[in-house]
Amino acid sequence: MRETTKMYVGGSKTKIVRGEYTIKTDGNHSMWVTKGNIIVTAEKQITQQGEKTGVSHGNYVPPEEIYTTHPKVEQVEFLDENNKVLDQNTKDFFYGQKLKIRIVTSNAKGQSIYVNLQGKTKSTHQKFDILNTKRFSWNGLVTHEETFETPLFVLNPNWYSDDFEEYDYTLHQTQIKEEDLNEFFAKVVLDAKNVFLPLAGNRLKPVTYKRNYEELIGLFKTDNSGGKDLLTNYENFYIDKYADENEDIKDIVDDFSEWLCEDHTDASVEDINAKVSESAGKLWSYAVLQHQDHNMKLTTTNNKTGVKKDEIKERKAILDDRPLYWARIAMQVILKRQYVFIKDIKTLSQKDQDDFFKKSIIPKNSKLWKIIVLFEEKSRNYTGIDFSKAGNKKKILITGFDPFVLNPKKGGNIKQSNPSGVIAETLASDKKLGAYIQTMVVPVRYSDFDGSQDHSKGQGNGIIEKYITPHILNVDMIITVSQYLPNENVIDMFGTSRRGGFNDNMDFIREPDTQALKTPYEWLQTTLPKQFEKVKGITFNWKYNDIDNGPNTFPNENEVLSEGSGGNYLSNEIFYRVAKIRREHKQLLKTGHFHVEMLQNSGEDLVETKIVNLVNLVKKGLAEAIKNL
């Protein structure tokens, strides 16, 4: 969940601080309102104190009957836009879905009534942002029918209690207990007397899309206690990590959240499509900018004179692929919780609905699927590859991977970066090495590679064939890059069509030694220039079937390799898939896989000097290879 970053003026204003918040004044400090109430809420003690004498208020709770009974308020109900009464037994009412509140009274015709939406949560850091604004406060007169109804409104999807979701590793499903769902009720003021209804047990408990395995990992708390939290989690940590030096990614995520969940709750699919195209494209652009030294133009205003002044601020490159990775996940969760897509999925087959609501799988024939594909295309630069500015320079396409093995509950390092992703983001549109380079970053998910929703046995063409094939005739070299073993930077000689059983970022495995796709070639060889080895620290890896065979030792033509030079995971698979495309479309094209060293041990963070040195090593190798194209 992201906290609201906007300031609301002309109505209510909410200040949220994580530490101590102090107001000091030499004179009087006054709080007053011309209408409504002053509400002060704290999880612990509230203290008001003067210099010499003062008064303090402890944890005072009014008698129960003050909250639950009212002489003129008989019933408070939540209704959907079709006037269907909703309560906690309605398991399919969703955040973002339109609803209203109806108050049933007695002996109150023509009287003024005030209604405020209230939220209750078990989450320590749940903030029902803007709940006390005009948007969720209503007043009017009780009708002659002894009722009062609010206009239709929606509940912010960011108010869902993610931190109580638990992943079932056997069923491969995310679950949440009903008692852990946030609940909503109303505060009604009539005759200057308050009542809070419906009572516990009949309050509204909305649901929404549940995070999948990969998305849920980001909610682990940054104190490494093993628990989850809505705000102080790794997802937010990495989105916000470089906000002081490079706030752009944080701003993109927050703007996206506010646009969808607060400002444009009635947005159409077409509206959201346009917003996704803009925001996801910006996400990639700013991630690339973050990885390069650059100047930013800043406009400052003199507080006394009001004079504006333009300044140029130098920003040093930040080599870290994690902000892009976690921002992408956060934004896609927000997308998947938009009711316009949920409503569409509820019209599909029961299997499609079960896939979405139980397994957190997006049905391919849904409107949401098309939007997610667009988001991936823009934020991973799948469709942004453009060699039109290459001029007479050689054209090189480079791919990197997302971070992987992140789940701390399964021995992963949630702080893990993927140096191949850093390399891809750093070298995007690079012309300094003697060629024109374009890059993309691909996921560590089997389903994306084989284009199948079957997460355990899928085989076929996917993102590599879809997004790399169109460039095969137009480029001079394709290098796929991924993370390897510590202190080893190698060019893999052989890629096998066989895949292994290692878990991907969705925690799925493939049946060992099965082929990733239908192919007549059991294995294929790299065609990358030998000149890479001119750089100290880079060697060619002649291993296959986990045996160091030594240089110039080749498998038999139709020999089945259980492992290629770099193993049998997705690094091997991307090598093989690109090589197969090359074999079928442009045999002399230079293609292959560069396995770069792992820089972080278990639990370790990314060290700046290590990633800088690795990027420089890769650049030197590329420069040598480019000379021989």
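Our subject in this report is the structure included herewith. Keep in mind that what you see is a predicted model, and the values were worked out from it rather than measured.

Within the protein one finds 14 helices and 24 strands. Per-residue burial over the protein gives 53% buried out of 629 residues. Long-range pairs, those at least 24 residues apart, make up 73% of the contacts in the protein with a sequence separation of at least 6. Element-wise, carbon and sulfur atoms account for 47% of the exposed surface of the protein, whose accessible area totals about 30,000 Å².

Turning our eyes to something else, we now look at the packing of aromatic side chains. Under the defined criterion, the tally for this structure stands at 31 aromatic pairs. Both rings, one in Y209 and one in F356, keep their centres 5.3 Å apart while their planes meet at 35°; by these two values the pair is tilted. Highlighted residues: Y209 in the loop between strand 12 (193–197) and helix 2 (213–217) and F356 in helix 8 (residues 350–357), separated in sequence by 147 residues. Classification of Y209 as buried rests on a relative accessible area of 1%. Owing to a relative accessible area of 0%, F356 belongs among the buried residues under this scheme. Feature note: the residues Y95, F136, W138, F153, W159, Y160 and F184 constitute an aromatic cluster, connected by ring pairs. Its guanidinium or amino end placed over the ring of F540, K530 lies 5.5 Å from that ring's centre, counting from NZ or CZ.

On to the pairing of strand 17 (residues 477–483). Among the 7 residues that make up strand 17, 7 are buried, leaving the element largely enclosed by the rest of the structure. Of the two faces of strand 17, the one carrying M477, I479, V481 and Q483 and the one carrying I478, T480 and S482 are both buried. Where strand 15 (residues 394–401) meets strand 17, 4 bridges bridge the pair, whose relative direction is parallel. Opposite I398, over in strand 17, you have I479 as the bridge partner.

A cis geometry characterises the amide bond from L197 onward to P198, with omega recorded as -5°. With respect to the helices and strands, the residue P198 is situated in the loop between strand 12 and helix 2. Although it is not a glycine, N224 sits at a positive phi angle of roughly 60°. With respect to the secondary-structure elements, N224 resides in the loop between helix 2 and helix 3 (234–240).

Moving on: the environment of A435. Along the polypeptide, A435 turns up in strand 16 (residues 435–442). Taking C-alpha positions, A435 is 9.6 Å from G391, a pair spaced 44 residues apart along the chain. In contact with A435, other than residues within four places in its own chain, are K393, K394, I396, D430 and I626.

Right, let's get into the nonpolar core. Counting residues in hydrophobic clusters, the biggest one holds 86 residues, and the most contacted among them are I101, L117 and L335. Counting 36 residues, the second largest nonpolar core, distinct from the first, contains L319, V481, F494 and I538.

Ordered in space as 7-6-11-12, the 4 strands form an open sheet in which the pairing is antiparallel. Since the sheet does not close on itself, it has two edges, and those belong to strand 7 (137–141) and strand 12, each with one partner. Neighbour-to-neighbour, the strand axes of the sheet open up by a mean angle of 25°, direction not taken into account. Note: strand 6 (residues 112–120) against strand 7, 5 bridges, orientation antiparallel. For S112, the partnering residue across the bridge sits in strand 7 and is L141.

Mapped onto the fold, T399 is located in strand 15. With relative accessibility at 1%, the residue T399 sits in the buried group. Excluding residues that lie within four positions of it along the chain, T399 makes contacts with M440, I468, I479, T480, V481 and I574.

On to the pattern of salt bridges. Per the stated rule, a full pass over the model turns up 43 salt bridges. The residue E166 makes a salt bridge to K228 at a minimum N-O spacing of 3.1 Å. Linking E166 in strand 9 (residues 166–168) with K228 in the loop between helix 2 and helix 3, this pair joins segments that are 62 residues apart in sequence. We classify K228 as buried; its relative accessible area is 15%. A salt bridge links K580 to E584; its shortest N-O distance comes to 2.8 Å. In this pair, K580 and E584 both sit in helix 13 (residues 570–585), 4 residues apart, roughly one turn of the helix.

What follows covers the environment of K389. With respect to the secondary-structure elements, K389 resides in the loop between helix 9 (367–379) and strand 15. Here the alpha-carbon distance between K389 and K431, two residues 42 residues apart in the chain, equals 10.0 Å.

Here we take up the pairing of strand 6. Sheet analysis places strand 6 next to strand 11 (residues 183–190), joined by 8 bridges and oriented antiparallel. Opposite I113, over in strand 11, you have L190 as the bridge partner.

A few words on the sheet that holds strand 3 (residues 73–80). Adjacent strands of a sheet form backbone hydrogen bonds with each other and so pair up, either parallel or antiparallel. Read across the sheet, 4 strands follow the order 4-3-5-8 without closing on themselves; strand pairing throughout is antiparallel. Taken across any chain shown, the strands that pair with only one partner, and hence form the sheet edges, are strand 4 (85–86) and strand 8 (147–149). With 2 bridges connecting them, strand 3 and strand 4 associate as antiparallel partners. Along strand 4, the bridge assignment pairs F78 with L86.

What follows deals with helix 14 (residues 608–627). If you check helix 14, its first and last C-alpha atoms are 29 Å apart, about what 20 residues at 1.5 Å a residue would give, namely 28 Å. Those residues of helix 14 that sit buried are I611, L614, V615, L617, V618, G621, L622, E624, A625 and I626. In the core, the buried residues of helix 14 are packed alongside strand 15, helix 10 (419–427), strand 16, strand 17 and strand 24 (590–596).

Our focus in this paragraph is the packing of helix 6 (residues 322–336) against helix 9. Axis separation between helix 6 and helix 9 bottoms out at 11 Å; the angle between their running directions is 160°. When the axes of helix 6 and helix 9 are compared, the pair comes out roughly antiparallel. Of the two possible hands of crossing, helix 6 and helix 9 adopt the one that is right-handed. Facing helix 6, whose interface residues are L324, R328, M331, Q332, L335 and K336, helix 9 presents L368, I371, I372, F375, E376 and S379. When grouped by side-chain class, the residues that make up the contact of helix 6 with helix 9 number 7 nonpolar, 2 polar and 3 charged.

Reading guide: rules and limits
- Residues numbered from 1 in each chain as written.
- Predicted model: local features only at pLDDT ≥ 70, side-chain atom pairs only at ≥ 80, totals over all residues.
- Heavy atoms only, no water.
- Helix = DSSP H or I, 4+ residues; strand = E, 2+ residues; numbered from the N terminus.
- Buried < 20%, exposed > 50% of the residue type's maximum accessible area, 1.4 Å probe, protein only.
- Contact = heavy atoms within 4.5 Å.
- Areas by Shrake-Rupley, 256 points an atom, 1.4 Å probe, with all protein chains shown as cover.
- Phe/Tyr/Trp six-rings, centres within 6.5 Å; stacked < 30°, edge-to-face > 60°.
- Lys NZ or Arg CZ within 6 Å of the ring centre and 35° of its normal.
- Pairing = 2+ DSSP bridges.
- Core = buried A, V, L, I, M, F, W, Y, C linked by side-chain atoms within 4.5 Å.
- Axes fitted to C-alpha atoms, helices over the stretch in contact; angles between N-to-C directions.
- Salt bridge = Lys/Arg side-chain N within 4 Å of Asp/Glu carboxyl O.
- Expected span 1.5 Å × (residues − 1).
- Parallel < 35°, antiparallel > 145°, perpendicular 65-115°, else oblique.
- Left-handed = near helix turned anticlockwise from the far one by under 90°.
- Nonpolar A, V, L, I, M, F, W, Y, C, P; charged D, E, K, R; others polar.

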